[in-house]
Amino acid sequence: MSLSTSVREERSLLQVMPLIAITRQVSPAINRCELSFHTREPIDIAKAIAQHDTYQRCLVELGLHLVILPAEPELPDSVFVEDPAIVLDEIAVIMNMGAPSRRPEAASLARALAPYRPLEYLREPATMDGGDVLRVGRSLFVGLSRRSTHEGIKQLARLVGPHDYNVQPMEIHDCLHLKSAVSYLGRETILLNRSWINPAVFRGFRLLDVAEEEPGAANALLVNHTVIMPTGFPKTYGCLRQEGFDVRAIDVSELQKAEAGVTCCSLILDDTRVLA
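Note that the structure is a prediction, hence the values are computed from the model and not measured. (Residues numbered from 1 in each chain as written. Predicted model: local features only at pLDDT ≥ 70, side-chain atom pairs only at ≥ 80, totals over all residues. Heavy atoms only, no water.)

Engineer: Report on the overall build of the protein chain, specifying residues and quantitative values.
Structural biologist: Secondary structure summary: the protein chain contains seven helices and 15 strands in total. A principal-axis box enclosing the C-alpha atoms of the protein chain has dimensions of 45 × 45 × 35 Å. For the protein chain, buried positions account for 55% of its 276 residues. A sequence separation of at least 24 residues applies to 70% of the contacts in the protein chain between residues at least 6 apart. Element-wise, carbon and sulfur atoms account for 53% of the exposed surface of the protein chain, whose accessible area totals about 11700 Å². Computed over 28 positive and 35 negative side-chain charges, the separation of the two mean positions in the protein chain equals 2 Å. (Helix = DSSP H or I, 4+ residues; strand = E, 2+ residues; numbered from the N terminus. Buried < 20%, exposed > 50% of the residue type's maximum accessible area, 1.4 Å probe, protein only. Contact = heavy atoms within 4.5 Å. Areas by Shrake-Rupley, 256 points an atom, 1.4 Å probe, with all protein chains shown as cover. Lys, Arg positive; Asp, Glu negative; His and termini not counted. Charge placed at Lys NZ, Arg CZ, Asp CG, Glu CD.)

Here it is, written out as structure tokens:
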């Protein structure tokens, strides 16, 4: 698929599409979260809950309707609903996540998605986290990471191929997920930390680099023409503003201790395809 085709689809989708965001309340066990790259620090649960509430309010202010799932006391990472599933126009794909402790998160999320999409599933031995999947139009860029494998990518390609999606694997390193290193901002623009990925796969896009001293700034969430990003990255924030983007910075510092970004706390889909 050509870049121009992807952009035409994007413009069509941005015509006040009714969107919902599935979120989940913070688990009281979040201090037992999985960590791969960060040193463990105590997470202030009350503060994490307050920050998550602010995040949800931001989504509502940007026009989204929230479907809020209750906290899962036995599943520390379950607030990060992006990882157990990806949602496309035609189907939702339920992941077999790379961390075994996180796999039980998928069951309740699948029940929440069932009214909106037919469900497909990745099966053993495949593993994949939704945070490793970046959608741009009909292209799915998928990171090969500690959590997502070649077999996962192969199975995903089989599931989405009949719906005319192109799966493009790419190597990542020194970060948890592909979306730790790259985000799509709309307007043919990719925000990236090129020290964690090879940007060659994004040939044809306009590339914006995060500030060198802000390596974690590449995770951003596009919602109805507005880019949401974490506070703490003032140089990258300023760059995006200079490039003409409407940017909102929100504090997710406690959630970042669990290797979170702003994409991982919601699963966004249009609700025009609710199943009968």
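That covers the picture; the talk isn't over yet.
Engineer: Tell me what's going on with the side chain of Asp-129, and back it up with residues and numbers.
Structural biologist: Examined against the element boundaries, Asp-129 turns out to sit in the loop between β5 (119-121) and β6 (133-136). At 2.9 Å, the side chain of Asp-129 and the side chain of His-177 are in polar contact. Aside from chain neighbours lying at most four places away, what touches Asp-129 is Asp-83, Met-95, Met-97, Gly-98, Arg-102, Arg-147, Ser-148 and His-177. (Polar contact = N/O pair within 3.5 Å; in protein donor to acceptor, adjacent residues only side chain to side chain.)

Engineer: Describe the sheet that holds strand β10 (residues 189-192), listing the residues and the values that go with them.
Structural biologist: Sheet architecture is open: three strands sit in the order β9-β10-β11, paired in mixed fashion. Looking along the sheet, the strands with just one partner apiece sit at the ends: β9 (182-184) and β11 (206-209). When strand polarity is set aside, the average angle formed by the axes of neighbouring strands in this sheet is 25°. When β10 meets β11, the two strands line up parallel, connected through four bridges. Bridging across to β11, Leu-192 finds its partner in Asp-209. (Pairing = 2+ DSSP bridges. Axes fitted to C-alpha atoms, helices over the stretch in contact; angles between N-to-C directions.)

Engineer: I'd love a proper account of the packing of aromatic side chains, names of residues and values included.
Structural biologist: Tallied over the entire structure, the rule returns three aromatic pairs. Consider the rings of Phe-141 and Phe-202, whose centres lie 4.8 Å apart with planes at 50°: the pair is tilted. Pair noted here: Phe-141 is in strand β7 (residues 139-144) and Phe-202 is in the loop between β10 and β11, with a separation of 61 residues, a long-range link. Neither residue differs from the other here; Phe-141 and Phe-202 are each classed as buried. Ring geometry for Tyr-184 and Phe-205: centres 6.1 Å apart, planes at 80°, overall edge-to-face. Placement of Tyr-184 in strand β9 and of Phe-205 in the loop between β10 and β11 is noted, with a sequence separation of 21 residues between them. Side by side, Tyr-184 and Phe-205 carry an identical accessibility label, which is buried. Among the aromatic residues, those joined into a ring-pair cluster are Phe-141, Tyr-184, Phe-202 and Phe-205. Here the basic side chain of Arg-146 rests over the ring of Phe-37, its NZ or CZ set 4.4 Å away from the ring centre. (Phe/Tyr/Trp six-rings, centres within 6.5 Å; stacked < 30°, edge-to-face > 60°. Lys NZ or Arg CZ within 6 Å of the ring centre and 35° of its normal.)

Engineer: Residue-level account of the pattern of salt bridges, with values.
Structural biologist: In the structure shown here, the tally under the stated rule is 16 salt bridges. For Glu-72, the salt bridge goes to Arg-24, with nearest N and O atoms at 3.5 Å. Here Glu-72, found in the loop between β2 (65-69) and β3 (85-87), pairs with Arg-24, found in strand β1 (residues 19-24); they are 48 residues apart in sequence, far enough to count as distant. You can call Glu-72 partly exposed: its relative accessible area is 22%. The salt bridge involving Arg-102 is made with Glu-105; its shortest N-O contact spans 2.8 Å. Accessibility expressed as a relative area gives 3% for Arg-102, which makes it buried. Of the residues examined, Glu-105 reaches a relative accessible area of 2% and is grouped as buried. Through salt bridges with shared partners, one network takes in Asp-89, Glu-90, Arg-135 and Arg-138. (Salt bridge = Lys/Arg side-chain N within 4 Å of Asp/Glu carboxyl O.)

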